[in-house]
2 protein chains.
Amino acid sequence: MPISSMLTSISSSIANTSLLDQSTVIAITVFVALLCVCIVIGHLLEENRWANESITALLLGLVSGAVVLLVRKGQNSPILIFNEELFFIYLLPPIIFNAGFQVKKKQFFKNFSVILLFGIFGTIISFCLTALGAFLIFKKIGVTSLTVKDLLAIGAILSATDSVCTLQVLSQEQTPFLYSAVFGEGVVNDATSIVLFNAVQSIDFSDIDVLTALKLLGNFLYLFFTSTVLGIAVGLLSAYGIKTLYFGRHSTDREVAIMILMAYLSYMVAELLSLSGILTIFFCGIVMSHYTWHNVTESSRVTTKHAFATLSFIAETFIFLYVGMDALDIEKWKQSHASAGTSIVVSLTLFALVLVGRAAFVYPISTILNYTRRGSDKIEIKKQFIIWWAGLIRGAVTIALSYNQFSTSSNVHCLMITCIIIVVLFSTVVFGSVTNPLIQAVLLNNAKPSTSEENDFASFDDLRLMFLENGEPRDTSNGQSAPRRSNLELFIRYPTSTVHHLWRKFDDKFMRPVFGGRGFVPFVPGSPTSAAGESL
Amino acid sequence: MPISSMLTSISSSIANTSLLDQSTVIAITVFVALLCVCIVIGHLLEENRWANESITALLLGLVSGAVVLLVRKGQNSPILIFNEELFFIYLLPPIIFNAGFQVKKKQFFKNFSVILLFGIFGTIISFCLTALGAFLIFKKIGVTSLTVKDLLAIGAILSATDSVCTLQVLSQEQTPFLYSAVFGEGVVNDATSIVLFNAVQSIDFSDIDVLTALKLLGNFLYLFFTSTVLGIAVGLLSAYGIKTLYFGRHSTDREVAIMILMAYLSYMVAELLSLSGILTIFFCGIVMSHYTWHNVTESSRVTTKHAFATLSFIAETFIFLYVGMDALDIEKWKQSHASAGTSIVVSLTLFALVLVGRAAFVYPISTILNYTRRGSDKIEIKKQFIIWWAGLIRGAVTIALSYNQFSTSSNVHCLMITCIIIVVLFSTVVFGSVTNPLIQAVLLNNAKPSTSEENDFASFDDLRLMFLENGEPRDTSNGQSAPRRSNLELFIRYPTSTVHHLWRKFDDKFMRPVFGGRGFVPFVPGSPTSAAGESL
């Protein structure tokens, strides 16, 4: 094999003269070069609606993994082994932070109840059903050596949807409700499934009762609350610090640096306190875009907006490349000692569990939600279908958790890892490429997506009346005779708008004067604010 | 000790429930928090001319290291051990790239001969003298167990100036000649000393002769040339790619991502081929700012300019923090088994060698250079003094190399490491804080710095005449009677201007039409170009 011998001779000739470990240098060079190729291919395929950067990266990763295996003559290479630390410490935080930073806050908070129901209770339902299903089916197909802990871990692992790929297939402009619901669910779901996974690891199964389950739920709610508060606190601290100290006076670099560092700090502190870093950094991103971003100089605003998006973009592409390459961790495949038949049956079982587990909460919860919603505001069956479909992708969190659980070298553990990898690859490639065209076909050709999106907000008249009642009369001269409604009535009919209105008043009166934000920029008054600074 | 027991109880209570290694999380949290503190303190001290971010970071690192030692009751902590890989793979590249990206190219190339003479021959002189001096003095003060290899390594280690801190104490605006000379020397010097260090590691000292020395020199020149060419090639490739594919059509993020990735790729490929990554990424930065930067969209320009500066800023601050903390790697201090007296004598010896080694090339080379220079263009004795002084700072490269050489656990090796750390700390704190006020006192109050800086360029008349001769007559009507000079005469009188002029013509005619650049931006014609896009 000429290439392999060439590479071997190159790597032997560049022996020990460098100060760096050559395998690290080779791994980084390969990944950076592949990232460049991915970006170029992704750019060229931009107009193709079936392909996107994630799938390109995944396939390119698979091909590169195969090449590495060929070059190393079937020997495993360190770059083919999945590194959880790399994923959780360096790749996930920028993605989730950027998601919070760029999310359309109005939509997100409008759908907050949907997001919480799907993200928390949905994930728990999926977790229980998947674990139960795995227990029942695996016994029948002869996979018997899994412990209860393993089965519960499989439940948690397969409940973790992939929010990264979802971000790429759904469009925030075309389908705002779906985007915020599915993506918001994804963030909460990541947190929930990681918490469930950790709970499974730490619980003593010989001594389990209702009290333990309740304690678990309480623990989870505590975690959710404290993580959110921590993220908001760090975000507000950054806003207050930048507003008070006014770094831009001397250097825009300090502003950008302090925003990056404080965002990352929120994630690491959350991890240090065993909270959910994902939730923390997500809310830190939301607060930073609402307050901090408005307190910095104009060039820092442009820089942060694009730099965060770029970092997130590189991290996303890297993850898919990495997942593709690590699918070819040849040792795991060898050690599983399973026939192709067994692998396929187990993979199909897992995949079926994913399908059923998700259907089992999307449709019931949507139906329940529809009882509380009116008319065009209801989640139609088509949208329920898309919510179900778009959340079927499994990604890097699933892989990271499964490597964590099944790290021993027993055959059945290796079988589980390889089958979970198959599920991840299959779901990413298939759902990643089909979802976008499917949405176009199912939703956008038949119904105007925006009609049901905006009706939740009270009509302009109602909002104006609310202003009137609050002692801020304006524009009363045009003699409208719309029936006056009480605040309470408005709250019942349009809870989201009312909360939004009250929040805005609170924000303008107490928060913005302290923490800055649009219209309260202290030192740089005249600087133009771009459209991205959508207010909450 | 209440704090230590509190921290211990916290770290034991957050046991194994997290997916991440707790020691990594703690280390990152500590460093990120300290970076934030450094930035705030640096901001508050901005107007203080004795302090700067480097020294703040170094001192804060020392204090934090002491706190860590107290908390861990004198036990070594992993975050106190210097990690070469972290330094050479993640921290150094962004700093050197940004230096190339933001350097004033005109000044840099104007002083190219000075830079090369100081950077290559100066470093070699310093290397020889330091090694010889160490050999002679250490024998007298009783440090006898060092091998020839160790002594030569000390020569290379102590010849590596710290270009990072130099960047902070010299001002590109106030003293452009000094900035470009000292900083340019620093980049070439880093490359030279690392090459010398590697050469020392690989040479067989039982079989050394003139041929080996000549081979070494040839090897170095080859390395210098290929590294530069590689950097320029990658830079041009990025310019051509971005111009041809026009990423900005779809997404600015791709433009920024590909610039970051290709810059980093140039460094890693250079390291992979055992070239000098520092030189490569420096020239890649220069080419990128001259061509690539002009081919991207306006928001990408703002983003890259500030994002690169911010990354470099964070990396710089981190390095000093890290050097400060790692000075308290307690094991090395314990193992050296040296009395305070010995440590002080050895440190003083090393420091004296640094002073003498640098003086031994700055003054002679400046004197030689002055023979070729005219009038106000000469390097006055004051400037020679500042060049000598500003290059006395020793920094992270020195520490990285000394950990590489003296990694065994013998007493004398540990003594060397601790003494080198003392030299680094002392030189950074003293020279870092004194240099700026010194320059103000010595240079700026007595002479206008800009007079001698601009005279090297031919007068406007001469350049206009050159244009005339080249068949591009303009503005001939005002009847000037300046004596016409031939191109050759101009070249002899104003070599730099002539080269610059010829380069501009070549650039406009052949390079810019292919690779883009100011005035040749293909798709975004009207977009305003900021003053930072200074042309070469």
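Please read these numbers as outputs of a predicted model, since none were measured by experiment.

1. Re the overall build of chain A
On a plain count of helices and strands, chain A comes out with 22 helices and 0 strands. When burial is assessed residue by residue, chain A has 57% of its 536 residues classed as buried. The contacts in chain A between residues at least 6 apart in sequence include a share of 82% that link residues at least 24 apart.

2. Considerations on the domain arrangement of chain A
Residue and element names in this part refer to chain A. In terms of domain boundaries, chain A breaks down into domain 1 (82–448) and domain 2 (460–470 + 483–517). Listed as interface residues are 12 residues of domain 1 and, on the opposing side, 13 residues of domain 2. Here domain 1 and domain 2 share an interface that buries about 990 Å² over both sides, 60% of which is from carbon and sulfur atoms. On the surface where domain 1 and domain 2 come into contact, there are 5 residue pairs in polar contact (both at pLDDT 80 or more). Where the side of domain 1 that touches domain 2 is concerned, the elements lending two or more residues are helix 5 (105–110), helix 10 (210–245) and helix 12 (277–295). Its residues assigned to classes, the side of domain 1 that touches domain 2 comprises 5 nonpolar, 3 polar and 4 charged.

3. Here we look at empty space enclosed by the protein
Residues and elements named next belong to chain A. Applying the stated criterion to the full structure yields 7 cavities of 30 Å³ or more. Of the pockets and cavities examined, the second largest cavity occupies roughly 60 Å³. Around the second largest cavity sit F87, L92, T161, D162, S163, V164, D190, I319, F320, A396 and V397, which together line it. Residues belonging to the lining of the second largest cavity are distributed by class as follows: 7 nonpolar, 2 polar and 2 charged.

4. Looking at the interface of chain A and chain B
Contact residues are listed per partner, giving 65 residues for chain A and 65 residues for chain B. Taken together, the connections running from chain A to chain B amount to 0 salt bridges. Between the two partners, chain A and chain B, sit 4 residue pairs in polar contact (both at pLDDT 80 or more). Secondary-structure elements contributing two or more residues to the side of chain A that touches chain B are helix 2 (22–44), helix 4 (84–102), helix 9 (176–202), helix 11 (252–272), helix 13 (298–326) and helix 17 (396–405) of chain A. Split by residue class, the side of chain A that touches chain B holds 38 nonpolar, 17 polar and 10 charged.

5. Topic: the relation of the copies chain A and chain B
Overlay of chain A on chain B (RMSD 0.0 Å): rotation 180 degrees, translation along the axis 0.0 Å. This pairing of chains is accounted for by a two-fold axis. Considering only C-alpha atoms, the residue of chain A closest to the rotation axis is T303 of chain A, which sits at 2.1 Å. A shared binding surface is used by both copies, with 100% of the interface residues of chain A retained as interface residues in chain B.

6. Brief notes about the packing of aromatic side chains
All names here are of chain A. With the rule as written, the count across this model stands at 50 aromatic pairs over all chains. Three or more aromatic residues joined by ring pairs form one cluster here, namely F108, F109, F112, Y179, F183, F282 and F283. Over the face of the ring belonging to W293 we find R301, whose NZ or CZ atom lies 5.9 Å from the ring centre.

7. A look at helix 7 (residues 148–159) of chain A
Residues and elements named next belong to chain A. Here helix 7 spans 17 Å end to end across 12 residues, near enough to the 16 Å set by a 1.5 Å rise per residue. Buried residues dominate helix 7, accounting for 9 of its 12 residues. Regarding helix 7, the residues found buried are D150, L151, A153, I154, G155, A156, I157, L158 and S159.

8. Describing the environment of F510 of chain B
Mapped onto the fold, F510 of chain B is located in helix 22 (residues 495–515). Separated by 323 residues in the primary sequence, F510 of chain B and V187 of chain B place their C-alpha atoms 29 Å from one another.

9. Brief notes about the pattern of salt bridges
Counted by the stated rule, this structure contains 8 salt bridges over all chains. Here D507 of chain A and R512 of chain A are joined by a salt bridge, their closest N and O atoms 2.8 Å apart. The partner of R301 of chain B in a salt bridge is E298 of chain B, and the shortest N-O contact between them spans 3.7 Å. Separated by 3 residues within a single helix, R301 of chain B and E298 of chain B lie in helix 13 (residues 298–326), roughly one turn from each other. With a relative accessible area of 28%, E298 of chain B lands in the partly exposed category. In this structure, a network of salt bridges that share partners links the residues D507, D508 and R512 of chain A.

10. Regarding unusual backbone geometry
Of note, S274 of chain A is a non-glycine position whose phi angle comes to about 60 degrees, a positive value. By the secondary structure assignment, S274 of chain A is in the loop between helix 11 and helix 12.

11. Concerning a nonpolar patch on the surface
All names here are of chain A. A grouping of I125, L129, L132, F135, L136, I137, I141, V345 and V356 is seen on the molecular surface, where their side chains present a nonpolar patch of about 700 Å² in accessible area. Among the elements of the structure, helix 6 (112–140) and helix 15 (340–371) are those that each provide at least two residues to the nonpolar patch. No other element matches helix 6, which puts 6 residues into the nonpolar patch. Structurally, L136 can be placed in helix 6.

12. As for the nonpolar core
Ranked by size, the top nonpolar core spans 290 residues in total, and within it F87 and F138 of chain A together with F87 and F138 of chain B carry the most contacts. Apart from residues lying up to four places away in sequence, F138 of chain B is in contact with G133, V143, L146, L151, I154, V346, T349, L350 and M416 of chain B.

13. Brief notes about the packing of helix 4 (residues 84–102) of chain B against helix 17 (residues 396–405) of chain B
Axis angle and axis distance: for two packed helices, these are the angle between their axes and the distance between the axes, and together they describe the pair. All names here are of chain B. The interhelical angle for the contact between helix 4 and helix 17, taken along N-to-C directions, is 140 degrees, at an axis separation of 9 Å. Classed by the angle they form, the pair helix 4 and helix 17 counts as oblique. Between helix 4 and helix 17 lies a crossing of left-handed hand. For the pair helix 4 and helix 17, the contacting residues are E84, F87 and F88 in the first and A396, V397, A400, Y403 and N404 in the second. The residue inventory of the contact of helix 4 with helix 17, partitioned by class, reads 6 nonpolar, 1 polar and 1 charged.

14. Comments concerning the side chain of Q405 of chain A
Here Q405 of chain A lies in helix 17. Here D150 of chain A takes part through its side chain, which lies 2.8 Å from a polar atom of the side chain of Q405 of chain A.

15. Some thoughts on the packing of helix 4 of chain B against helix 12 (residues 277–295) of chain B
Residues and elements named next belong to chain B. Direction vectors running N to C along helix 4 and helix 12 enclose 45 degrees, while the axes themselves pass 7 Å from each other. Overall, the two elements helix 4 and helix 12 adopt an arrangement that is oblique. Remark: the crossing between helix 4 and helix 12 carries right-handed chirality. Residues L92, P93, I96, F97, A99, G100 and F101 of helix 4 touch helix 12, and the partners they reach there are I278, I281, F282, C284, G285, I286, M288, S289 and W293. Among the residues making up the contact of helix 4 with helix 12, the classes are represented as 13 nonpolar, 3 polar and no charged.

16. Details of the state of the cysteines
All names here are of chain B. Counting across every chain of the model gives 0 disulfides over all chains. Not engaged in a disulfide, the cysteine C36 finds its nearest cysteine sulfur in C38; these two sulfurs lie 9.3 Å apart. The buried category is assigned to C36, whose relative accessible area is 9%. In this structure C414 is a free cysteine whose sulfur lies 11 Å from that of C419, the closest cysteine sulfur available. Taking relative accessible area as the criterion, C414 reaches 0% and is therefore assigned buried.

17. Side note on the side chain of T123 of chain B
Tracing the sequence through the fold places T123 of chain B in helix 6 (residues 112–140). Apart from residues lying up to four places away in sequence, T123 of chain B is in contact with F118, S159, N189, T192, S193 and L196 of chain B.

18. Considering the confidence of the model for chain A
Residues and elements named next belong to chain A. Across chain A, the average pLDDT comes to 79, with 82% of residues at 70 or higher. Looking at the elements of chain A, mean pLDDT is at its lowest for helix 1 (residues 2–13), recorded as 39, and at its highest for helix 11, recorded as 92. For residues 1–17, every residue scores under 50 in pLDDT, and the model assigns this stretch 12 contacts once sequence neighbours within four places are set aside. Below pLDDT 50 for its whole length, residues 447–482 participates in 54 contacts with residues either more than four positions away or in separate chains. Interface confidence for the predicted complex, expressed as ipTM, amounts to 0.80; the pTM equals 0.82.

Conventions we followed
Numbering of residues starts from 1 in every chain and runs along the sequence as written. Chain letters start at A and ligand numbers start at 1, both assigned in the order the entries are written. Owing to the predicted nature of the model, reporting of local features is limited to residues with pLDDT of at least 70; listing and counting of side-chain atom pairs is limited to 80 or more, with chain, interface and lining totals taken over all residues. Only hydrogens and water are removed before side-chain values are computed, so all heavy atoms of the structure are retained for them. Numbering of helices and strands starts at the N terminus; helices are DSSP runs of H or I of at least 4 residues and strands are runs of E of at least 2. Burial classes: relative accessible area under 20% of the type maximum marks a residue as buried, over 50% as exposed, and values in between as partly exposed (1.4 Å probe, protein chains only). Contacts are assigned to residue pairs with any non-hydrogen atoms lying within 4.5 Å of each other. An automatic or database domain assignment is the source of the domain bounds shown. Accessible-area loss on putting two parts together, using a 1.4 Å probe and summing over both, is the definition of buried area adopted here. Whenever a nitrogen or oxygen atom comes within 3.5 Å of another N or O atom, the pair is scored as a polar contact, on the condition that within protein one atom can donate a hydrogen and the other can accept it, and that pairs from neighbouring residues in sequence are kept only if both atoms are in side chains. Amino acid classes used here: Ala, Val, Leu, Ile, Met, Phe, Trp, Tyr, Cys and Pro are nonpolar; Asp, Glu, Lys and Arg are charged; the rest, including Gly, are polar. A cavity here means a set of 1 Å grid points, computed over protein atoms only, where a 1.4 Å probe fits but cannot escape. A pocket is an open set with protein on both sides within 12 Å along at least 5 of 7 lines, and lining residues have an atom within 4 Å of a point. Grid points are joined across faces, edges and corners, and a volume is the space filled by probe spheres set on the points. We define a salt bridge as a contact between a side-chain nitrogen of Lys or Arg and a carboxyl oxygen of Asp or Glu at a distance within 4 Å. A least-squares superposition brings the copies together, and it is based on the C-alpha atoms of residues with pLDDT no lower than 70 in both. Classification of ring pairs rests on two measures: the distance between centres of Phe, Tyr or Trp rings, Trp counted by its six-membered ring, which must be within 6.5 Å, and the angle between planes, read as stacked under 30 degrees, edge-to-face over 60 and tilted in between. A ring has a charge above it when a Lys NZ or an Arg CZ is no more than 6 Å from the ring centre and no more than 35 degrees off the ring normal. A helix is expected to span 1.5 Å for every residue after the first. Only residues whose relative accessible area exceeds 30% and that take part in no salt bridge are eligible for patches, with like-charged residues grouped when within 9 Å of each other and nonpolar side chains (Val, Leu, Ile, Met, Phe, Trp, Tyr) grouped when within 5 Å. In this description, accessible areas are obtained by the Shrake-Rupley approach with a 1.4 Å probe, and a residue is regarded as covered only by the protein chains that are shown. Each nonpolar core is a collection of buried residues, namely Ala, Val, Leu, Ile, Met, Phe, Trp, Tyr and Cys, held together in the definition by side-chain atoms within 4.5 Å. Here the axes come from fitting lines to C-alpha atoms, over the contacting stretch only for helices, and the angles between their N-to-C directions go from 0 to 180 degrees. Relative orientations are named as follows: roughly parallel for angles under 35 degrees, roughly antiparallel for angles over 145 degrees, roughly perpendicular for angles from 65 to 115 degrees, and oblique for any other angle. In this scheme, a crossing is called left-handed if the near helix is turned counterclockwise away from the far one by less than a right angle; it is called right-handed if the turn is clockwise. Whenever a pair of cysteine sulfur atoms sits within 2.5 Å, that pair is classed as a disulfide. Every residue carries a pLDDT, the predictor's confidence in it, which falls somewhere between 0 and 100.

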